[in-house]
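# Secondary and tertiary structure notes
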Amino acid sequence: MKLIDRPDYLNMLLSAQGTPDIKVITGVRRSGKSKLLEAFADAVLRDNPRANIIRINFNLLEFEPLTEYHALYRYVTRHHVEGTANIVIIDEIQMCDNFEKAINSLHALEQYNLYITGSNAFLMSSDLATLFTGRTFQIEVLPFSLSEFARYHELSQPDEALDRYLREGGMPGSYLYSDEKARFAYISDILDMLILRDIKQKHHVRNTEQLARTCDFLLDNIGNIVSLRSITAGLCAAGLKMSEKTLANHVEHLCSAFLLYRVRRFDIAGKKYLSSGDKYYLVDHSFRYAKLGTKKLDFGHVYENMVAIELIRRGFEIYVGALYKKEIDFVAVRRDEKVYIQVSDDISSETTFEREISPLLKIRDAYPKTVIARTRHETTDWEGVKVIDIARWLMGLEDWL
């Protein structure tokens, strides 16, 4: 498979060297975690050819004898080299029974830089403090951005890149398939593994149909305000009975596995969170097409999903803004920065443009306000609101703050 540099992630891994933390690389299945660790190992050796890299990949049969935690511990300690950096890289750590005992013991020796990846259901953020006695440093790897997609396919024109990215998405393993049907079959299989194997095994889910239907409902309602009550009612109307408590568990499992991101609603004027529904966004829009088809592309919600994930990728916390019965697609916050964002597929008509920009003009504070849309031209300004082309914004070509 063709590889491209992912410098942001790589620099995070490199900068964490020498810290006492257990480095945990998380993210949805097949988002490129293993390839990133390969690039990390290569970069370490370029900088320090004497470094001792102890690499274990539980996907490979040669490491099957290490799936018992005592054996894993003995293997690592026997490969220790005095007088140099000892870096331990372990893929799919959950395949080792009681892996946390081996990792905690190795960490206590204070002789190793520990980097681990694993199935998302087994390395959830909420579990890390329970699993590991030492401090953890978590790096979440997302699927390819539009910029990474363009570099992989050697596309220089933002509009051409977005047209392809819109249908192909950011799951790099799917690029090996030239046929769209085969690509979506690959992505669908990832989702089925995530649901039927990881979540079912981790959380002992008995009724997998309820879990799968919950997932399908949220995929079909990306960018819509939904509540547990409305989802339960919708599924019951479709003939599937489920309690709100069971539904809440399924939704939490899907979010914990890095498939979905819950975005809460925030009252901008009252400065408080609202309890009347949330929005959910997919880690990559290709999952929606793979499961539900492409007959209804729904560009508006897909663009909104792209912007949500790109904001997360750039380190922003995001909320849905509510202001005087109007909705702001995103309130994005990063340290002392804040920006209000509306997303649209087409603002060429006066009516649509007015609908998107009017809520932003009602906000009285001085933080930047932006409309991100498929304009296909350079950034403009409308009464202090920046209007930015989504392809150029996703590619990182526009100064937007």
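None of these values were measured; they are calculated from a predicted model. (Residues numbered from 1 in each chain as written. Predicted model: local features only at pLDDT ≥ 70, side-chain atom pairs only at ≥ 80, totals over all residues. Heavy atoms only, no water.)

## Details of empty space enclosed by the protein
The cut-off we apply is this: Only protein atoms enter the 1 Å grid, on which a cavity is a set of points fitting a 1.4 Å probe that cannot get out and a pocket is an open set with protein on both sides within 12 Å along at least 5 of 7 lines, lining residues being those with an atom within 4 Å of a point. Grid points are joined across faces, edges and corners, and a volume is the space filled by probe spheres set on the points. For the purposes of this entry, the term helix denotes a DSSP run of H or I that reaches at least four residues, the term strand denotes a run of E that reaches at least two, and both are numbered from the N terminus.
Under the defined criterion, the tally for this structure stands at two cavities of 30 Å³ or more. In this structure, the largest cavity spans a volume of roughly 80 Å³. The wall of the largest cavity is formed by Ser-145, Leu-146, Tyr-165, Val-283, Asp-284, His-285, Asn-305, Met-306, Ile-309, Glu-310, Arg-313 and Leu-394. Considering each element in turn, the lining of the largest cavity owes the most residues, five residues, to helix α13 (residues 299-313). Taken as a whole, the second largest cavity holds about 40 Å³ of empty space.

## Observations regarding the sheet that holds strand β4 (residues 113-117)
The following threshold applies: Only when DSSP finds a minimum of two bridges between them are two strands counted as paired. Each axis is a line fitted through C-alpha atoms, taken for helices only over the stretch in contact, and angles between the N-to-C directions span 0 to 180 degrees. By definition in these notes, contact holds between two residues if any of their heavy atoms fall within 4.5 Å.
Here we have five strands laid out as an open sheet, ordered β2-β3-β4-β1-β5, and parallel in their pairing. Both outer strands of the open sheet, β2 (52-57) and β5 (136-140), are each paired with one neighbouring strand and no more. Averaged over all neighbouring strand pairs, the angle between strand axes comes to 15 degrees, with direction disregarded. Looking at chain direction, strand β1 (residues 22-26) and β5 are connected through five bridges and run parallel. Bridge pairing in β5 links Ile-22 to Thr-136. Here helix α1 (residues 7-15) sits on the sheet in contact with β1, β4 and β5, set at roughly 170 degrees to β5. Most of the contacts of helix α2 (residues 33-47) go to strand β3 (residues 86-91), to which it runs at about 165 degrees, and overall it touches β1, β2, β3 and β4.

## Some points on the packing of helix α9 (residues 208-220) against helix α10 (residues 228-237)
What counts, and what does not: Each angle receives one of four descriptions, namely roughly parallel if under 35 degrees, roughly antiparallel if over 145, roughly perpendicular if within 65 to 115, and oblique otherwise. When the near helix sits turned anticlockwise from the far one by under a right angle, the crossing is termed left-handed; a clockwise turn instead gives a right-handed crossing. Note on residue categories: nonpolar means Ala, Val, Leu, Ile, Met, Phe, Trp, Tyr, Cys or Pro, charged means Asp, Glu, Lys or Arg, and polar means any other residue, Gly included.
The interhelical angle for the contact between α9 and α10, taken along N-to-C directions, is 110 degrees, at an axis separation of 11 Å. Considered as vectors, α9 and α10 are oriented roughly perpendicular to each other. Two packed elements cross with a definite hand, and for α9 against α10 that hand is right-handed. The residues of α10 that touch α9, namely those facing Arg-213, Thr-214, Phe-217 and Leu-218, are Ser-230, Ile-231, Gly-234 and Leu-235. Of the residues in the contact of α9 with α10, the class split is four nonpolar, three polar and one charged.

## Things to note about the layout of surface pockets
If you roll a probe as big as a water molecule over the atoms, it shows you where there is empty space left. Here the largest pocket defines a volume of roughly 1,000 Å³. Forming the boundary of the largest pocket are 44 residues, of which Arg-30, Lys-33, Ser-34, Asn-59 and Glu-92 lie nearest the centre. When residues of the lining of the largest pocket are traced back to their parent elements, those giving at least two are α2, α4 (99-109), α5 (125-131) and α8 (180-203). Of the residues belonging to the lining of the largest pocket, the class tally is 15 nonpolar, twelve polar and 17 charged. If you add up the space inside the second largest pocket, you get close to 650 Å³. Elements supplying a minimum of two residues to the lining of the second largest pocket: α5, α11 (244-256), β6 (260-263) and β10 (317-323).

## Describing the confidence of the model for the protein
Detailed conclusions should not be drawn from predicted coordinates in areas where pLDDT is low. Put simply, the test is: Each residue carries a pLDDT value, the predictor's own confidence for that position, ranging from 0 to 100.
When pLDDT is averaged across the protein, the result is 92; 99% of the residues are at 70 or more. The secondary-structure element of the protein with the lowest mean pLDDT is strand β8 (residues 272-273), recorded at 78, while helix α3 (residues 69-78) shows the highest, at 98.

## Some remarks on the pattern of salt bridges
Inclusion rule: Any carboxyl oxygen of Asp or Glu within 4 Å of a side-chain nitrogen of Lys or Arg constitutes a salt bridge here.
Under the definition given, this model contains 24 salt bridges. A salt bridge links Arg-213 to Glu-209; its shortest N-O distance comes to 3.3 Å. In this pair, Arg-213 and Glu-209 both sit in helix α9, four residues apart, roughly one turn of the helix.

## Focus on the nonpolar core
Selection rule: Joining through side-chain atoms within 4.5 Å is the link that ties buried Ala, Val, Leu, Ile, Met, Phe, Trp, Tyr and Cys residues into a set, and such a set is a nonpolar core. Accessibility here uses a 1.4 Å probe with only protein chains present; expressed as a share of the type maximum, an area under 20% marks a residue as buried, one over 50% as exposed, and anything in between as partly exposed.
If you look at the biggest cluster of nonpolar residues, it comprises 93 residues, and the most contacted ones within it are Leu-259, Phe-287 and Leu-311. Of the residues forming this core, the biggest block, eight residues, is contributed by α8. Once residues lying within four places of it in the same chain are set aside, the contact partners of Leu-311 are Phe-316, Ile-318, Phe-330, Ala-332, Ile-341, Trp-393 and Trp-400.

## Quick look at the packing of α8 against α9
In the contact formed by α8 and α9, the axes pass within 11 Å of each other and the chain directions differ by 135 degrees. Taken together, the axes of α8 and α9 lie oblique to each other. Read as a crossing pair, α8 and α9 show a hand that is right-handed. For the pair α8 and α9, contact is made by Leu-191, Ile-195, Leu-196, Ile-199 and Lys-200 and by Thr-208, Leu-211, Ala-212, Cys-215 and Leu-219, respectively. In terms of residue class, the contact of α8 with α9 is made up of eight nonpolar, one polar and one charged.

## Quick look at the sheet that holds strand β15 (residues 385-389)
Pairing between the strands of a sheet is mediated by backbone hydrogen bonds and can be parallel or antiparallel. Ordered in space as β8-β7-β10-β11-β12-β13-β15-β14, the eight strands form an open sheet in which the pairing is mixed. With partners counted over all chains shown, the strands left at the sheet margins are β8 and β14 (380-382), one partner each. In terms of strand pairing, strand β12 (residues 337-344) meets strand β13 (residues 369-373) through five bridges, oriented parallel. When the sheet's bridge partners are listed, Ile-341 is paired in β13 with Thr-370. Docked against the sheet, α13 engages β10, β11 (326-334), β12 and β13, running at close to 20 degrees with respect to β11.

## Remarks on the pairing of β11
Relative to β11, β10 runs antiparallel, the two sharing six bridges. Along β11, the bridge assignment pairs Tyr-319 with Val-331. Two successive antiparallel strands, β10 and β11, enclose a turn made up of two residues, where Tyr-324 displays a positive phi of approximately 50 degrees. In the sheet, β11 pairs with β12 via five bridges, with the strands oriented antiparallel. By the bridge assignment for β12, Arg-334 is matched with Glu-337. With antiparallel pairing between neighbouring strands as the criterion, β11 and β12 make up a hairpin whose turn holds two residues, including Arg-335 at a positive phi of roughly 55 degrees.

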